[in-house]
Number of protein chains: 12
Amino acid sequence: MNELLLLNGPNLGILGKREPEVYGTDTLADIERAVGEEVADRGWRVVAVQHDSEGELIGAIQNHYDTVGAIVNPGALMIAGWSLRDALANYPRPWIEVHLSNVWAREQFRHESVIAPLASGVIAGLGPLGYRLAARALRERISD
Amino acid sequence: MNELLLLNGPNLGILGKREPEVYGTDTLADIERAVGEEVADRGWRVVAVQHDSEGELIGAIQNHYDTVGAIVNPGALMIAGWSLRDALANYPRPWIEVHLSNVWAREQFRHESVIAPLASGVIAGLGPLGYRLAARALRERISD
Amino acid sequence: MNELLLLNGPNLGILGKREPEVYGTDTLADIERAVGEEVADRGWRVVAVQHDSEGELIGAIQNHYDTVGAIVNPGALMIAGWSLRDALANYPRPWIEVHLSNVWAREQFRHESVIAPLASGVIAGLGPLGYRLAARALRERISD
Amino acid sequence: MNELLLLNGPNLGILGKREPEVYGTDTLADIERAVGEEVADRGWRVVAVQHDSEGELIGAIQNHYDTVGAIVNPGALMIAGWSLRDALANYPRPWIEVHLSNVWAREQFRHESVIAPLASGVIAGLGPLGYRLAARALRERISD
Amino acid sequence: MNELLLLNGPNLGILGKREPEVYGTDTLADIERAVGEEVADRGWRVVAVQHDSEGELIGAIQNHYDTVGAIVNPGALMIAGWSLRDALANYPRPWIEVHLSNVWAREQFRHESVIAPLASGVIAGLGPLGYRLAARALRERISD
Amino acid sequence: MNELLLLNGPNLGILGKREPEVYGTDTLADIERAVGEEVADRGWRVVAVQHDSEGELIGAIQNHYDTVGAIVNPGALMIAGWSLRDALANYPRPWIEVHLSNVWAREQFRHESVIAPLASGVIAGLGPLGYRLAARALRERISD
Amino acid sequence: MNELLLLNGPNLGILGKREPEVYGTDTLADIERAVGEEVADRGWRVVAVQHDSEGELIGAIQNHYDTVGAIVNPGALMIAGWSLRDALANYPRPWIEVHLSNVWAREQFRHESVIAPLASGVIAGLGPLGYRLAARALRERISD
Amino acid sequence: MNELLLLNGPNLGILGKREPEVYGTDTLADIERAVGEEVADRGWRVVAVQHDSEGELIGAIQNHYDTVGAIVNPGALMIAGWSLRDALANYPRPWIEVHLSNVWAREQFRHESVIAPLASGVIAGLGPLGYRLAARALRERISD
Amino acid sequence: MNELLLLNGPNLGILGKREPEVYGTDTLADIERAVGEEVADRGWRVVAVQHDSEGELIGAIQNHYDTVGAIVNPGALMIAGWSLRDALANYPRPWIEVHLSNVWAREQFRHESVIAPLASGVIAGLGPLGYRLAARALRERISD
Amino acid sequence: MNELLLLNGPNLGILGKREPEVYGTDTLADIERAVGEEVADRGWRVVAVQHDSEGELIGAIQNHYDTVGAIVNPGALMIAGWSLRDALANYPRPWIEVHLSNVWAREQFRHESVIAPLASGVIAGLGPLGYRLAARALRERISD
Amino acid sequence: MNELLLLNGPNLGILGKREPEVYGTDTLADIERAVGEEVADRGWRVVAVQHDSEGELIGAIQNHYDTVGAIVNPGALMIAGWSLRDALANYPRPWIEVHLSNVWAREQFRHESVIAPLASGVIAGLGPLGYRLAARALRERISD
Amino acid sequence: MNELLLLNGPNLGILGKREPEVYGTDTLADIERAVGEEVADRGWRVVAVQHDSEGELIGAIQNHYDTVGAIVNPGALMIAGWSLRDALANYPRPWIEVHLSNVWAREQFRHESVIAPLASGVIAGLGPLGYRLAARALRERISD
């Protein structure tokens, strides 16, 4: 068990091309690489999964119970992704929710995440750096 | 037309391994078998479908208009599965909604099902037995 | 202890004559007989109680702590029967809430039951058959 | 760039067979043909996509950034399709939301569309004709 | 069938002694007599029933299906008397809801009556005279 | 001062032709005549005013402070006619609110009247007869 | 007039046997005795009434207008006991509302009492001692 | 009967001078002309009515029951124009609601129209073109 | 351009006779004179307009775009005067909202004004003096 | 550890001069003395602290962890004193919330206390006597 | 008694440096001077107090009961400053609430002031001039 | 300008002794040291400020406009600390909100922070490590 799950939800596959004034110019590949660097000294490998479909995200969680932990950016599934929530409720390891933008500075419907109550922690508004911080947090909090 | 549709939604494929203190230790296969036994004397065969994706569940409904009736456990799609609701609105036969757990004893967001108003009946909180009761109800209410 | 409590609330004494298009033509006596048949092989006898008054229903619960379990149709007390709820909170055995009609297909004020969070399970919309299913559920879930 | 995207969401693939008293008897193929006729003199070809899954609809949008514009019938995803909304937020061209039925004459939960704030316009209640009107609107509003 | 049901709910038995600045000084007997006078020329007799208990009121309705119509002052059961509502739903004749005080000029919780949607009409704020007007309305609207 | 103000709001001028299944076939002239008959023995004359505009209704109230009392059917101004409310707040005599239909049996937005808290009484659901009852109430409650 | 009314509502007759972890092990008889001791030096006798039915509680209030004051534990009628409220509105003497448990530390629906606005004071969360404190308060506040 | 009613509400008489960045530079006369062209081949003449007062709009509807259909832009009366709604409820022919701007992209209070549930269809956000589309829809949907 | 618009809404024409305990004894003429005195040294003349009808108020605004600024007391149109709001949105000059009474010390429905967000400022509760203060504010804030 | 903390919040230092018709004429010193008398036989000394600032109240709590218990009147901090709540959450001893007035008989915003869920009990509406009752409750409930 | 209290709440001490595009460039000293000039001819002296802490503001009010009146800008304490409200409830003289910005043109949470119901009047949106208008209002309304 | 502001709100001064099962055993001094280490290589010094009073926190922000950025843990002021919000709105540098616990896994009233919309980012649920991550984020995002 030396893999870290990096799970990205709808519309995150096109990062870099997606509303760059909101989400920045880094691509998802850039982020995956950065996360990998952050946890390299723990000997962890990053398993990066991105889907636009809630069903496939659920499948990915079920297939990766044997990871050390996870970083989850649910995208807009933070709003009504109750099935994703149930999938994460059964995930046996620590995980951290990440949002690129500061969701509380945006529309009201982005102000409460249905998965956040189950997360170990939440990091929002810090762009791609948020993923690295989440990786570091898992690195420090998960014992061998 | 001698098939009964048994439709299970997100996170129900991992029954037995999923939060067993909430959902019990029976697997979905166990449930399918039990339902089959319940309706065997009517000569009905169970068509069991499980998907984690709302889209695929909709497809399954569209492909099984010629079943005698259905048992539907929408999982967390009870909360915001409006598309599933629309699919069921077009399903031409009686169907019963089943939940393993007593959803009213859980979080507030599980207290109202968007598909329930269209169901013939609802059975909740009785674990795998609920599926058998639903099967029996269909068996008794559907005339040849 | 070989009695099963069958508790029916307001307006259920006139079943058969009551809005038959909603509640069907079975009388309460029909239902009591059917429930009795369902649990006969467990050696259980049905104690059937119906009251239009919440206070008398509470009294009935207090007088039957030594039953094996209960089937409760609260009628419209599902809406604001908080005292009934408190009485059931002290009932020491499993019980199942039953509604003849599918309450979610009706007015908004029938969509949430104040007693449901305390029930072992809920069965709604299946008419008199719902009582039989509840009886069977208790028969299978209660060990000798 | 001479393609017009015609995007239809859940349960719209079975038009003609779906609750005809609500949605009419035209099939989706009929609609696609009618839209094609409406924009033929602009030299536009219709790319018709229908999916029951929100994830696949998002993919279709990402794959068709190079269309001249779009007509989008989200079906019940109008209610909680926040991921679809985010996908459309990144679509670079004008698009119009169409509903076959008058959603405001139906249940309360169909009264506000989460994607409408991003549309160029909304047309509802006019049946298949609504698509043709949307096509004409795009034809007149999009300059070469 | 020549009886008119006059049904009064909780706290109306002490009229005359009850907060006279709100409810006036007429007693319930005064009101019964006045209603009787109003319908005397139709040959109707008034059956006056008053109970403080919702359950007994329900019983009274069930026992008087063979009346020509009813005048119902539910008292505070207008607020949460859902069981009374269900009893009235099964009452086969026209009935009118009466309130002595103008309930909309009082606390917010008296502004909507749960039984009013089922009434033929509502008269409020006119004191004991309201009962007479209700009697006259029934007298004119009910054909022999 | 021997005039009774009969004030009717928007859409009440076309009574008889207006949704007769809801509002009946009596014309406003019929109602004015009936009210006149009801108060004739008090020597009162009916001043009948109908306007579709809230502003003109306000003017009518200001011009008739010297009437003995008023019957007011605000039509849909019951919902948001705050200016009408303020005009009635300054009317120095008793007045009664009348609605032809039972507004609580209709849409939710007709369940609370913004003018009702200021009325002496409210009569609803009794059709044109409601006006006569209101006239009688004023006749009996207003002393010479 | 030397009697103090001690009025207890639904489910309080079984104190001692009722969810003892919430309500303690004292019986209602214990409480009545304690209250009696508290007011003995004023020469007051305790009239203890307990009913599970709101209607009977209303009757008890009407029958005891000549008491010096009252202690009222409405049980769950604090939530929707509007008829009880109206009965207490006509009670001519000071009275204090008592709850055994701290209702604000429990479910949301126990956070506001419909009778509290009419009480002289409210004491909650102090178990049987709360009744004694209420007795003392009445003893000190009521002059001979 | 060969007239089409074109009804415009408050603040629409100054189109062209009114917040042109929101409502465009076309005048109402331009729109009336365009609508006329759209329906010319049906032999229909446009009767254009604009009022800032709800009362006068109601009058216009009552005076034009013999038109073939109507296009209605209620302006801000979409928010609380309940009297206008009642007037339209009695209009015997098909009519379509039009808004120049996309009301869902604006303030929350513009997100639900009180008249929309009664319309045959709604077209919003397409500027003056919306009126032409509405005209075409009526032209195609109304049989001779 | 040397005119100041003084716009008063419904029920303000009868100031002095209107609920004097709330609105005082000054007449509207008194107020117009006082405002005139306040701005006389700027060489401004007061154009005073009062209407009970929202439609006419809208017309007045459209006819006075060439005033230096405005003082607007919307009366009860502060509550649901959305059309008035739209008219003011197009008014090209500074304007101040005035209320005679302190609207926040009154009923809840007077606590938020739909036109206030568009005003330069709001003055409430200071009686007729409020108009003079508004006049002074415009006098000091509007440059020649 | 023989001290009892008596903590009073904003505006309670001026008791006796503060709205005497609501809060009475006793001063805070009177209350402190009365509480002292109540607990004298336990050998407890009263440490009385009053601050108008939430921050200082928090400090006082932190400085008195070694008291035997506390009486807390939060004044208006009952409404939004979340920081005070967090301070009390860490206070290791029993404490009772006291209000001089019956907060449920006052404005809606005084009907729920944010600190009450953490208290051992709540006493309200009994004036200065409430403090003495609280003292007695602590005296009886705290063992040596 | 010849002092006027000028009370400013949190974040108002840094006026001039604070978000100047919202609050302007005048300093608090400028405002104090202007208010002083406004009331000089009454012989009043301005006592200017500013605190960022609600507790200290409450203290300032208690210390200045002998002022002729007050101008109060509560800053953001308008939103949840319930303790400040209670302090002002005991202030024996007229006072006026002032806000520099038009709070209704800003975020929703600034749309209702908890202290406004107790003020003599409210002036908002007119910048530093608002203080001068408030001073003038007090000067004219307070008799010697 | 080489100082980093570390601002901690109410109840954070007692970290280590405060509900350790929620907030951990690290003291505030531990956290200050850890943050200092994190930013040492930028040559930044940590200015640590903790207050239980909102007023003093506001003062601290005003006194530290010349810091490079800030880390802010508002404690329970996240709920109603509108004055703190206004102070932060004027803070000229980037700042990050930190919470030790996962506020969304706790009571509903901790689910939305009034200051979050103004933050550069938010980190919650990661205990003392959250401060270090915030420090790192500022270190990487703030250019020299």
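Model, not experiment: these values are computed from the prediction.

1. Considering the overall build of chain A
Now for step 1: From N to C terminus, chain A includes 6 helices and 5 strands.
Now for step 2: A compact globule built from 144 residues should have a C-alpha radius of gyration of about 15 Å, and chain A, at 14 Å, falls within 12% of that.
Now for step 3: Here the C-alpha coordinates of chain A stretch approximately 40 × 30 × 25 Å along the principal axes.
Now for step 4: Per-residue burial over chain A gives 66% buried out of 144 residues.
Now for step 5: Intrachain contacts of chain A at a sequence separation of at least 6 include 78% that bridge at least 24 residues.
Now for step 6: Accessible area for chain A stands at about 4,700 Å²; split by element, carbon and sulfur atoms hold 46% of it.
Now for step 7: Considering chain A, the positive charge centre built from 13 side chains and the negative charge centre built from 19 side chains are found 4 Å apart.

2. Brief notes about the UniProt feature "active site" (unreviewed entry) in chain A
Now for step 1: Those residues carrying the UniProt feature "active site" (unreviewed entry) are Y23 and H99 of chain A in this numbering. These residues run over 77 residues, yet every pair of their C-alpha atoms falls within 9.5 Å of each other.
Now for step 2: Mapped onto the elements, Y23 of chain A comes out in helix α1 (residues 20-23).
Now for step 3: Excluding its chain neighbours within four sequence positions, the residues that come into contact with Y23 of chain A are L15, R18, L100, S101 and R106 of chain A together with D86 of chain D.
Now for step 4: For H99 of chain A, a relative accessible area of 6% corresponds to the buried category.
Now for step 5: Ignoring any residue separated from it by four or fewer positions in sequence, one finds H99 of chain A in contact with N73, P74, G75, M78, I123, A124, G125 and L126 of chain A.

3. Looking at the relation of the copies chain L and chain A
Now for step 1: Note on the copies: chain L fits chain A at an RMSD of 0.0 Å, the axial shift is 0.0 Å, and the rotation between them is 180°. The transformation just described matches what one would write down for a two-fold rotation axis. It is I123 of chain L whose C-alpha, among those of chain L, lies nearest the rotation axis, at 2.3 Å.
Now for step 2: Here 100% of the interface residues in chain L have copies in chain A that are interface residues too; the copies meet face to matching face.

4. What to know about the UniProt feature "site: Transition state stabilizer" (unreviewed entry) in chain A
Residue and element names in this part refer to chain A.
Now for step 1: Here, UniProt's "site: Transition state stabilizer" (unreviewed entry) annotation points to R18.
Now for step 2: Along the polypeptide, R18 turns up in the loop between β1 (3-8) and α1.
Now for step 3: At 3.5 Å, the side chain of R18 forms a polar contact with the backbone oxygen of N11.

5. Observations concerning the relation of the copies chain F and chain H
Note on the chain copies: they are related by a rotation about an axis and a translation along it.
Now for step 1: Note on the identical chains: chain F maps onto chain H by a rotation of 120° and an axial translation of 0.0 Å, with an RMSD of 0.0 Å. One copy is carried onto the other by what is essentially a three-fold rotation axis.
Now for step 2: A distinct binding surface is used by each copy, with only 12% of the interface residues of chain F retained as interface residues in chain H.

6. With respect to the packing of helix α6 (residues 129-141) of chain D against helix α6 (residues 129-141) of chain H
Now for step 1: α6 of chain H packs onto α6 of chain D with a crossing angle of 145° between their chain directions and a minimal axis gap of 10 Å. Two packed elements cross with a definite hand, and for α6 of chain D against α6 of chain H that hand is right-handed. In contact with L129, R132, L133, R136, A137, E140 and R141 of chain D of α6 of chain D, α6 of chain H contributes L129, R132, L133, R136, A137, E140 and R141 of chain H.
Now for step 2: Class assignment for the residues of the contact of α6 of chain D with α6 of chain H results in 6 nonpolar, no polar and 8 charged.

7. Overview of the interface of chain L and chain A
Now for step 1: The partner chain A presents 26 residues to the 26 residues of chain L that form the contact.
Now for step 2: Of all residues in chain L, W104, L126 and R136 of chain L give up the largest surface area on contact with chain A, accounting jointly for 27% of the area buried on that side.
Now for step 3: For the pair chain L and chain A, the number of links is 2 salt bridges.
Now for step 4: In this structure, R136 of chain A and E38 of chain L form a salt bridge, with 2.6 Å as the shortest nitrogen-oxygen distance.
Now for step 5: The interface formed by chain L and chain A contains 12 residue pairs in polar contact (both at pLDDT 80 or more).
Now for step 6: For the side of chain L that touches chain A, the secondary-structure elements that each account for two or more residues are β5 (121-124) and α6 (129-141) of chain L.
Now for step 7: It is α6 of chain L that contributes the most residues to the side of chain L that touches chain A, 7 residues altogether.

8. Quick notes on the interface of chain F and chain H
Now for step 1: Opposite the 16 residues of chain F that make contact, chain H presents 14 residues.
Now for step 2: Joining chain F to chain H, the criterion identifies 3 salt bridges.
Now for step 3: In this structure, the salt-bridge partner of D86 of chain H is R110 of chain F, at a minimum N-O distance of 2.9 Å.
Now for step 4: It is helix α4 (residues 77-80) of chain F that provides the largest number of residues to the side of chain F that touches chain H, a total of 3 residues.
Now for step 5: Counted by class, the side of chain F that touches chain H contains 8 nonpolar, 2 polar and 6 charged residues.

9. Some details on the layout of surface pockets
Now for step 1: Put simply, the second largest pocket is a space of about 1,100 Å³.
Now for step 2: Surrounding the second largest pocket, 36 residues form its lining, Q108 of chain B, E107 and Q108 of chain G together with E107 and Q108 of chain L being those nearest its centre.
Now for step 3: Elements with a minimum of two residues in the lining of the second largest pocket: α5 (82-89) of chain A, α5 (82-89) of chain C together with α5 (82-89) of chain J.
Now for step 4: Of the residues assigned to the lining of the second largest pocket, the class counts are 16 nonpolar, 9 polar and 11 charged.

10. Points about the sheet that holds strand β1 (residues 3-8) of chain E
Now for step 1: With respect to topology, 10 strands assemble into an open sheet ordered β2(E)-β1(E)-β3(E)-β4(E)-β5(E)-β5(F)-β4(F)-β3(F)-β1(F)-β2(F), the strand pairing being mixed. Each edge of the sheet is formed by a strand with only one pairing partner; in this case those strands are β2 (45-50) of chain E together with β2 (45-50) of chain F. Between one strand axis and the next, the sheet turns through 20° on average, direction left out of account.
Now for step 2: Here strand β1 (residues 3-8) of chain F runs beside β2 of chain F; their pairing, made up of 6 bridges, is parallel. Among the inter-strand pairings, L7 of chain F is bridged to a residue of β2 of chain F, identified as V49 of chain F.
Now for step 3: On the sheet, helix α2 (residues 28-39) of chain E packs against β1, β2 and β3 (69-73) of chain E and is oriented at approximately 155° with respect to β2 of chain E.

11. Brief notes about the pattern of salt bridges
Working definition: two side chains of opposite charge can pair if their charged atoms are close together.
Now for step 1: Here the structure, examined in full by the defined rule, presents 132 salt bridges over all chains.
Now for step 2: Between E38 of chain B and R132 of chain B there is a salt bridge whose closest N-O contact spans 3.0 Å. Placement of the pair is E38 of chain B in helix α2 (residues 28-39) and R132 of chain B in helix α6 (residues 129-141), with a sequence separation of 94 residues.
Now for step 3: Note that E107 of chain J is salt-bridged to R110 of chain J, the shortest N-O span being 2.8 Å.
Now for step 4: Given the relative accessible area of 28%, E107 of chain J is considered partly exposed.
Now for step 5: One network of salt bridges, with partners in common, ties together E38, R132, R136, R139 and E140 of chain A together with E38, R132, R136, R139 and E140 of chain L.

What counts, and at which threshold
Residues numbered from 1 in each chain as written. Chains lettered and ligands numbered in written order. Predicted model: local features only at pLDDT ≥ 70, side-chain atom pairs only at ≥ 80, totals over all residues. Heavy atoms only, no water. Helix = DSSP H or I, 4+ residues; strand = E, 2+ residues; numbered from the N terminus. Rg over C-alpha atoms; globule rule 2.2 N^0.38 Å. Buried < 20%, exposed > 50% of the residue type's maximum accessible area, 1.4 Å probe, protein only. Contact = heavy atoms within 4.5 Å. Areas by Shrake-Rupley, 256 points an atom, 1.4 Å probe, with all protein chains shown as cover. Lys, Arg positive; Asp, Glu negative; His and termini not counted. Charge placed at Lys NZ, Arg CZ, Asp CG, Glu CD. UniProt positions renumbered as here; feature names shortened; annotations may be inferred. Least-squares fit on C-alpha atoms with pLDDT ≥ 70 in both. Polar contact = N/O pair within 3.5 Å; in protein donor to acceptor, adjacent residues only side chain to side chain. Axes fitted to C-alpha atoms, helices over the stretch in contact; angles between N-to-C directions. Left-handed = near helix turned anticlockwise from the far one by under 90°. Nonpolar A, V, L, I, M, F, W, Y, C, P; charged D, E, K, R; others polar. Buried area = accessible area lost by both parts, 1.4 Å probe. Salt bridge = Lys/Arg side-chain N within 4 Å of Asp/Glu carboxyl O. 1 Å grid on protein atoms, 1.4 Å probe; cavity = no way out; pocket = protein on both sides within 12 Å on 5 of 7 lines; lining within 4 Å. Points joined across faces, edges and corners; volume = space filled by probe spheres on them. Pairing = 2+ DSSP bridges.

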